[in-house]
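What follows is the residue order along each chain.
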Amino acid sequence: MHSFIRIVGVYGDGFMASHLTLKNIAVIVDKYAVAVDSASSFSVFYRCEFKAQKGALLARGYYQLYRKCKIQGASDLVFGNAHTILQRDAIYSNASLYWGVPLGPFAKIVIMQSLLEVRGTWSYAPYTPSTVFYGQHNNSRPGAVDGIMSPYVNTLERNQASEYTVRDFLNGETWLSPDMPHDLDLL
């Protein structure tokens, strides 16, 4: 069982946040010190920053969109059990550890059109690639990146990535506010 120290926990449906910075400076050996823990169904974060040493973004469940956000930390940057799209985000890490970890057997995380400056790789432990899915499409990598192209990450061609759009993967057109910037489809 994982234990967490969180700055913000989000549990209501339809949560929307923009231009918010959350930073967890705690360094605790046996716990995740997360910036945001979102168990919200149909949540969207726009131009937010999440900073933590271990576990910056915990996407705990349901459908979640992170757009033009900045995610920074040392390890386990993005983790959880949600259906999550990171769209046009910037993800930074200096660590050479895992930067994506599932906390449930059906975690699905897709990173699209984002800036990745990370070292390390993704982990499936203790789950298997038959139930957990990590996908990436059209990301840029200007910095040193080790292991992102591991067998754990599905590099999606455009036709494959179309299955993981905000419209199709998150059913975004049914719940996303037109006031919150997003791309329903691939550009």
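Residues numbered from 1 in each chain as written. Predicted model: local features only at pLDDT ≥ 70, side-chain atom pairs only at ≥ 80, totals over all residues. Heavy atoms only, no water.

Before going further, it helps to spend a moment on the overall build of the protein. Along the backbone of the protein there are two helices and 18 strands. Across the 187 residues in the protein, those meeting the buried criterion constitute 51%. Pairs at least 24 apart in sequence give 51% of the contacts found in the protein among residues at least 6 apart. (Helix = DSSP H or I, 4+ residues; strand = E, 2+ residues; numbered from the N terminus. Buried < 20%, exposed > 50% of the residue type's maximum accessible area, 1.4 Å probe, protein only. Contact = heavy atoms within 4.5 Å.)

What follows covers the sheet that holds strand 15 (residues 115-117). What links the strands of a sheet is backbone hydrogen bonding, and the strands pair in either a parallel or an antiparallel sense. Pairing within the open sheet is parallel, and its five strands lie in the order 3-6-9-12-15. Each edge of the sheet is formed by a strand with only one pairing partner; in this case those strands are strand 3 (21-24) and strand 15. Across the sheet, the mean angle separating the axes of adjacent strands is 10° when strand polarity is ignored. Where strand 3 meets strand 6 (residues 49-54), four bridges bridge the pair, whose relative direction is parallel. (Pairing = 2+ DSSP bridges. Axes fitted to C-alpha atoms, helices over the stretch in contact; angles between N-to-C directions.)

The bond known as a disulfide is covalent and runs between the sulfur atoms of two cysteines. Enumeration according to the criterion identifies zero disulfides in this entry. With no disulfide partner, cysteine 48 has as its closest neighbouring cysteine sulfur the one in cysteine 69, 4.8 Å distant. A residue is classified by how much of its surface remains accessible, and cysteine 69, at 2% relative accessible area, is buried. (Disulfide = S-S within 2.5 Å.)

With that settled, consider the pattern of salt bridges. The final tally for this structure, using the stated rule, is seven salt bridges. Here arginine 6 ties to aspartate 37 by a salt bridge, and the two come within 2.7 Å at their closest N and O atoms. In this pair, arginine 6 sits in strand 1 (residues 4-10) while aspartate 37 sits in strand 4 (residues 32-38), placing the two residues 31 residues apart along the sequence. What makes arginine 6 partly exposed here is its relative accessible area of 34%. (Salt bridge = Lys/Arg side-chain N within 4 Å of Asp/Glu carboxyl O.)

What follows covers the nonpolar core. Counting residues in hydrophobic clusters, the biggest one holds 29 residues, and the most contacted among them are Phe45, Phe50, Tyr66, Ile71, Leu86 and Ile91. Secondary structure elements with two or more residues in this core: strand 4, strand 6, strand 7 (57-59) and strand 14 (108-112). Residues Val44, Ile85, Val110 and Leu156 belong to the second largest nonpolar core, which totals 18 residues. (Core = buried A, V, L, I, M, F, W, Y, C linked by side-chain atoms within 4.5 Å.)

This part covers the pairing of strand 14. Buried residues dominate strand 14, accounting for four of its five residues. Judged from the five bridges that link them, strand 11 (residues 83-87) and strand 14 form a sheet pairing that is parallel. Bridging across to strand 14, glutamine 87 finds its partner in methionine 112. Sheet topology note: the strand 14/strand 17 (residues 133-137) ladder contains five bridges and is parallel. When the bridges of strand 17 are listed, lysine 108 appears paired with phenylalanine 133.

Turning to the sheet that holds strand 5 (residues 43-46), a few remarks are in order. With parallel pairing, seven strands are arranged side by side in an open sheet as 2-5-8-11-14-17-18. The open sheet terminates on both sides in strands that have one partner only, identified here as strand 2 (16-18) and strand 18 (154-155). Pairing of strand 5 with strand 8 (residues 63-67) involves four bridges; the strand directions are parallel. In the sheet register, valine 44 faces strand 8, and the bridge partner there is leucine 65.

By the secondary structure assignment, serine 38 is in strand 4. Apart from residues lying up to four places away in sequence, serine 38 is in contact with Val10, Ser43, Phe45, Leu58, Ala59, Arg60, Gly61, Gln64 and Tyr66.

To continue, consider the packing of aromatic side chains. Applying the stated criterion across every chain yields a total of nine aromatic pairs. An aromatic cluster is built from Phe15, Phe45, Phe50 and Tyr66, whose rings are joined through pairwise contacts. A cation over an aromatic ring shows up here: lysine 54 above the ring of tyrosine 32, its NZ or CZ 4.7 Å from the ring centre. (Phe/Tyr/Trp six-rings, centres within 6.5 Å; stacked < 30°, edge-to-face > 60°. Lys NZ or Arg CZ within 6 Å of the ring centre and 35° of its normal.)

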